[in-house]
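Close look at the chain arrangement
So the chains spell out like this:
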Amino acid sequence: MTGRLQIGAIRSSFAPWEDPLLKPLVRFEAVSKRFGETAAVSEVSLAIYEGEFFALLGPSGCGKTTLMRMLAGFETPDAGRILLDGEDIAPLPPHRRPVHMMFQSYALFPHLTVAQNVAFGLKQRGDPKAEIDARVDEMLGLVKLAGLGRRRPDQLSGGQRQRVALARAIAPSPRILLLDEPLAALDRKLREETRVELMALQQTLGMTFVIVTHDQDEAMVLADRIAVMRDGEVAQVGRPAEIYEAPADRYVAGFVGDVNLFEARLDSVDGGRVRLASPEGRFEADDDDPPEVGATAWLAVRPEKMRLTVEPPPEGPNRLSGRISDIGYLGDWTTYGVEIAPGRVIRAARANAARRVEAPLGWDDQVWLAFAPDAAVVLKR
Amino acid sequence: MKPERAALAAVAPYLWLLAFFAVPFLLVAKLSLSDSVLAMPPYAPQIDLSRGADGVRAFLAALDLETYLRLVRDHLYLDAYLSSLRLAATGTVILLLIGYPIAYGITRCAPGPRQALLMAVILPFWTSFLIRIYAWIAILKPQGLLNAALGALGLEPVNLLNTEAAVILGLVYAYLPFMVLPLYAVLTRQDESLIEAAQDLGASPTRAFWTVTVPLSLPGVAAGALLCFIPMAGEFVIPDLLGGSETLMLGKVIWIEFFANRDWPAASAVAIVLLVTLLVPIMLLERAPPKVLR
């Protein structure tokens, strides 16, 4: 496809939310929940589709866990409805819901073996013993724990316990698998491996996964769509690339990834091109749905979209100059802080594409920053 | 901590056990192997240290198992053992049946009422144990509070005082906190998410209780049962005050042998046998704990 540009670097044919005829598997309708004085969840409406990997992302206390616990049945909404396959699930107690949860603490039964843990849900359902045994073996194979069925949870490593919890939750083939911060307790290397495995598992099973996480990387990598939450409300729902490249507001822009924000006044709109003015300089950005002329707006530019040069860029908008105040070498990337005015630091990042550099940058170097109009997003709030 | 101090800290419990358990135990064991005599002290032989090693040898030669043989031959002692163990076992079962729901109920309460209820469990300790047992006499005696209440309801009076039922009632009343507190301790530590996980996987709240809560609370059940069973088996005051002459418990037998019959060896032998009977099951439990207790 040429001409019209797409958001994000990934082409995916899986987008059930774009099909107006498709009924969502789960629908939250203006769901609210209070705990005493605090509103944990207020007026949340969401649709989650069959086969989707959906992430609820937000800082602690944003209501994401409460939302998940309402879906599992451990909390009841004060207002609004939760529909599963079009039916209100309010009358169903947790043990009658076809929704299983992988707990953050894993909540493995310490008095049962690994195999008995995995068999627990199947036993409650009253499956025949031979079937249970076969399914348990299958599940343990799936999470690469074959042969460990007779161990007890306290004889396993953290990563193995995490897999048992996963196997236990998926063994009875729930309609929806809820994952409450599933990777939070693992160290970084294991977390990255497990992420990949989770994705593969979800693909294999075709099961609907809903994950609650405060880790934006985790949500970005795993999810088909992310709901970014703030103070009990959904700030934005969208594909990871939409959340990152077209954030709805400053909160989303700042929560997912690093961002440089410039408060500016909208000077003029010319086609899709918006011109803004601020004490820090003149800016131009592409925007199909700009705010009114004269309104205050915020220009958001990601660090990796800043071009950092020693030579001044051509005269024009979207350029800033300053002094390098900090450098962070991450191996694959180097991040720079450029002080453009006392106390005002703009972040820029460069991929370390070459092993050897002719003129490396150093602290206190005078440098220029520039960005393309297409690299900036105009935020109304 | 310096190494010497650490070593001292490790040795201290053993010194304590030596001084307050092993030495008294050996004294009582020695006493049980002696003979009863009409003298002061009322037992023989005595060690004559003035004769040196010969004295010790003569003393050891005079010790025998005669008292123990008497315990076996006289069915009174065996009956007292069996009735003590039976009453203690009955009491323990009733305590479990009452104590478990109480402990479970307290853990389910909001923090405010929970503290109040725990206080209510502990509060009776602040009154003298004897006074509380005497109070039961006032309640259970033929013209007591119980029969007054039954009469007011137009029911037949019951005569409980000086029966085995009164002893069990007294035991259950007196030992309830020792059952409730260890149970509360394990139940309150239980991870709430385990119950949620069980329900999430399709177990009804009742099933989740029986498949998760109860098995995980077994260490508390064992602790509470031992904490109640052992002292109840040797209990003296409650059967003495609330039980009749036909309720024979070991505590009373020891008292009678010691004070009424002045037969110190017999009293010691009864005590030693009781100790061994109670220690053996505990040691077995320690050595081969069921998997759930780990």
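Anyway, here's the lowdown on the structure attached to this text.

Here the focus is the overall build of chain B. Counting secondary structure elements, chain B contains 14 helices and two strands. Its C-alpha atoms give chain B a radius of gyration of 24 Å, more than 25% over the compact-globule value 19 Å for 294 residues. The dimensions of chain B, computed from C-alpha atoms along their principal axes, are 75 × 65 × 35 Å. Relative to its full complement of 294 residues, chain B shows a buried share of 36%. Partitioning the intrachain contacts of chain B with sequence separation of at least 6 by distance along the chain shows that 72% fall at a separation of at least 24. When the accessible area of chain B is evaluated, it comes to approximately 16,500 Å², of which 72% is carbon and sulfur surface. Positive and negative side-chain charges in chain B, numbering 19 and 20 respectively, have mean positions lying 7 Å apart.

Tallying secondary structure elements over chain A gives eight helices and 20 strands in all. Overall size of chain A, expressed as C-alpha extent along the three principal axes, is 75 × 50 × 50 Å. The buried share of chain A, taken over its 381 residues, is 49%. Nonlocal contacts in chain A, meaning residues at least 24 apart in sequence, comprise 66% of its contacts between residues at least 6 apart. For chain A, the accessible surface area stands at approximately 18,900 Å², while carbon and sulfur atoms represent 49% of it.

Listed in full, the buried residues belonging to helix 2 (residues 114-125) of chain A are Val-114, Asn-117, Val-118, Ala-119, Phe-120, Gly-121, Leu-122 and Gln-124 of chain A. Against the buried residues of helix 2 of chain A lie helix 3 (129-142) and helix 4 (158-170) of chain A together with helix 9 (192-200) and helix 10 (205-216) of chain B. Backbone geometry just after helix 2 of chain A places Gly-126 of chain A at a positive phi near 80 degrees.

Here the structure, examined in full by the defined rule, presents 21 aromatic pairs over all chains. The interplanar angle of 70 degrees and the centroid separation of 4.9 Å between the aromatic rings of Tyr-104 of chain B and Phe-209 of chain B together place this pair among those described as edge-to-face. Pair noted here: Tyr-104 of chain B is in helix 4 (residues 75-108) and Phe-209 of chain B is in helix 10, with a separation of 105 residues, a long-range link. One cation-aromatic arrangement involves Arg-250 of chain A over Trp-298 of chain A; the distance from NZ or CZ to the ring centre is 3.7 Å. Above the face of the Tyr-244 of chain A ring, Arg-302 of chain A is positioned so that its terminal group lies 4.0 Å from the ring centre.

Where interface size is quoted, it is often the accessible area lost as the parts come together. Taken residue by residue, the interface counts 22 residues in chain A and 20 residues in chain B. Both faces considered, chain A and chain B share a buried interface measuring about 1,800 Å² in area, 63% of it formed by carbon and sulfur atoms. Considering only the side of chain A, the residues that lose the most area to chain B are His-95, His-111 and Gln-124 of chain A, jointly responsible for 34% of the buried surface there. Here chain A and chain B share one salt bridge between them. Salt-bridge contacts for Glu-196 of chain B lead to Arg-69 of chain A; the nearest nitrogen and oxygen are separated by 2.6 Å. One can count seven residue pairs in polar contact (both at pLDDT 80 or more) joining chain A with chain B. Taken together, the residues of the side of chain A that touches chain B sort by class into 13 nonpolar, six polar and three charged.

Residue and element names in this part refer to chain A. Here Glu-284 shows up in strand 13 (residues 281-286). Judged by its relative accessible area of 13%, Glu-284 is buried. Here the side chain of Glu-284 touches Arg-273 through a polar contact of 3.0 Å, side chain to side chain. With residues near it in sequence (within four places) discarded, Glu-284 still touches Arg-273, Val-274, Arg-275, Pro-317, Asn-318 and Pro-373.

The rules behind the values
Residues numbered from 1 in each chain as written. Chains lettered and ligands numbered in written order. Predicted model: local features only at pLDDT ≥ 70, side-chain atom pairs only at ≥ 80, totals over all residues. Heavy atoms only, no water. Helix = DSSP H or I, 4+ residues; strand = E, 2+ residues; numbered from the N terminus. Rg over C-alpha atoms; globule rule 2.2 N^0.38 Å. Buried < 20%, exposed > 50% of the residue type's maximum accessible area, 1.4 Å probe, protein only. Contact = heavy atoms within 4.5 Å. Areas by Shrake-Rupley, 256 points an atom, 1.4 Å probe, with all protein chains shown as cover. Lys, Arg positive; Asp, Glu negative; His and termini not counted. Charge placed at Lys NZ, Arg CZ, Asp CG, Glu CD. Phe/Tyr/Trp six-rings, centres within 6.5 Å; stacked < 30°, edge-to-face > 60°. Lys NZ or Arg CZ within 6 Å of the ring centre and 35° of its normal. Buried area = accessible area lost by both parts, 1.4 Å probe. Salt bridge = Lys/Arg side-chain N within 4 Å of Asp/Glu carboxyl O. Polar contact = N/O pair within 3.5 Å; in protein donor to acceptor, adjacent residues only side chain to side chain. Nonpolar A, V, L, I, M, F, W, Y, C, P; charged D, E, K, R; others polar.

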